[in-house]
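The lines below spell out each chain.
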Amino acid sequence: MKMARHNDPRLRAHWLWLAGLLALPLTGPAAAAGCTAKSGPTLVPLVELFTSEGCNSCPPADRWLSTRFSPTNRGQEVSAIAFHVDYWDRLGWKDRFATPQFTRRQDDASNANGTSFVYTPQVLVQGRDAPGWSRGAVATNIAAARKQPAQADIALEASAGVDGVFKLRAQATVPTPAQRVHAALWLAYTDSGLVSEVTAGENRGVRLTHDHVARRLEGPYALDAEGVTRVSATWPRPRERGSDAALVAFVQNTRTGAVLQTLTLSGCSAL
């Protein structure tokens, strides 16, 4: 069952370091030994799934995301993130991965798309609604996006800290002045292989497995006058760990939702 929602909830449906980092040769999205990654000249699309454990039409979309974009595949076809929204929580089952922040992100995407409601499950490709995801619309949109040149450059590094934390560094650059307007960097921590035994709500009695689950989202980090932003931070690892943690970075226009480039750092023990 889908939930569509208006405002009425009752409706349902470091720059030196980075200079060296950018020069490192990589064989995939993450160098196994170095835990570094850099984006290439071609656009890697962003695929977002808005979902909830309280929505009985969401499990098929969760399975589709896991099957179509396996977290164990270290390729660079897309950067995938599953955002769990919280507006289903009042109906009997509280999704422990859902946050008001992720619901706001869906609202912002709806506004950027010029629509008046949101729903679950919803898939966005490059910030745009892809309502026919189960019928191939996502594949079509991804194929079209991957033919485009990247409009931003991204570099990432992750290293292990102590007491359950990791350190991250990121840099994003937008070379073209016209593309810098309203462009900003976002950083997300995702994990896969997370399991829930649902005991209430529309999915009562169902065992759910989730991949690419957003556990943290930070941003937007604004660009400076030269079109560059740099981030250095220490993040705690979630207490509940899955099997394939990843760090996802993307540069997006905060007004239009257009995604200029993405990068996923995965296969890194520091995460």
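All of these numbers come straight from a predicted model, not from anything done at the bench. (Residues numbered from 1 in each chain as written. Predicted model: local features only at pLDDT ≥ 70, side-chain atom pairs only at ≥ 80, totals over all residues. Heavy atoms only, no water.)

1. Some thoughts on the state of the cysteines
Here the structure, examined in full by the defined rule, presents one disulfide. Residue pairing for C35: its cysteine sulfur links by disulfide to C268, the two sulfurs lying 2.1 Å apart. Classification of the bridge connecting C35 and C268 rests on its S-S torsion, roughly 110°, and on that basis the disulfide is right-handed. Of this pair, C35 sits in the loop between helix 1 (15-22) and strand 2 (36-38) while C268 is found in the segment after strand 16 (259-266), placing the two residues 233 residues apart along the sequence. Each member of the pair, C35 as well as C268, carries the same accessibility label: buried. (Disulfide = S-S within 2.5 Å. Helix = DSSP H or I, 4+ residues; strand = E, 2+ residues; numbered from the N terminus. Buried < 20%, exposed > 50% of the residue type's maximum accessible area, 1.4 Å probe, protein only.)

2. Examining unusual backbone geometry
For the bond from T120 to P121, the omega torsion is -10°, close enough to zero to count as cis. Position of P121 among the secondary structure elements: in the loop between strand 5 (118-120) and strand 6 (122-125). Of note in the backbone geometry, D163 takes a positive phi value of approximately 60° without being a glycine. On the secondary structure map, D163 appears in the loop between strand 8 (153-160) and strand 9 (165-173). Among the residues examined, D163 registers a relative accessible area of 79% and is labelled exposed. Phi at H212 is positive, roughly 60°, even though this residue is not glycine.

3. A word on the pattern of salt bridges
If you walk through the whole model with that rule in mind, you get seven salt bridges. When the shortest N-O distance is used, the salt bridge between E53 and R96 registers 4.0 Å. Of this pair, E53 sits in the loop between strand 3 (46-51) and helix 2 (58-68) while R96 sits in the loop between strand 4 (79-84) and helix 3 (100-113), and the two are 43 residues apart along the sequence. Here E53 falls in the buried class, since its relative accessible area comes to 0%. The shortest N-O distance in the salt bridge between R216 and E218 comes to 3.0 Å. The network of salt bridges with shared partners includes E53, R96 and E240. (Salt bridge = Lys/Arg side-chain N within 4 Å of Asp/Glu carboxyl O.)

4. As for the pairing of strand 11 (residues 194-197)
Every second residue of strand 11 is oriented toward a common face, the buried set being L194 and S196 and the non-buried set V195 and E197. Two strands pair when backbone bridges link them, and strand 11 and strand 12 (residues 207-210) are joined in this way by four bridges, in the antiparallel orientation. The partner of S196 across the bridge, within strand 12, is L208. (Pairing = 2+ DSSP bridges.)

5. Side note on the sheet that holds strand 2
Read from one edge of the open sheet, four strands run 2-8-9-14, paired in antiparallel fashion. The open sheet terminates on both sides in strands that have one partner only, identified here as strand 2 and strand 14 (228-236). Averaged over neighbouring strand pairs, the angle between their axes works out to 10° when direction is ignored. (Axes fitted to C-alpha atoms, helices over the stretch in contact; angles between N-to-C directions.)

6. Thoughts on the packing of aromatic side chains
Between two aromatic rings, the relevant description is the distance of the centres plus the angle of the planes. Considering all chains together, one arrives at eight aromatic pairs under this definition. Between W64 and F69 the ring centres are 5.7 Å apart and the planes differ by 85°, which places this aromatic pair in the edge-to-face class. W64 sits in the buried class, given a relative accessible area of 16%. Residues F117 and Y119 carry aromatic rings whose centres are separated by 6.2 Å and whose planes lie at 45° to one another, so their mutual orientation is tilted. Residue Y119 is classed as buried on the basis of its relative accessible area of 10%. By way of ring pairs, the aromatic residues F50, F83 and F102 are connected into one cluster. Lying over the aromatic face of W186, R105 brings its terminal NZ or CZ to 5.4 Å of the ring centre. (Phe/Tyr/Trp six-rings, centres within 6.5 Å; stacked < 30°, edge-to-face > 60°. Lys NZ or Arg CZ within 6 Å of the ring centre and 35° of its normal.)

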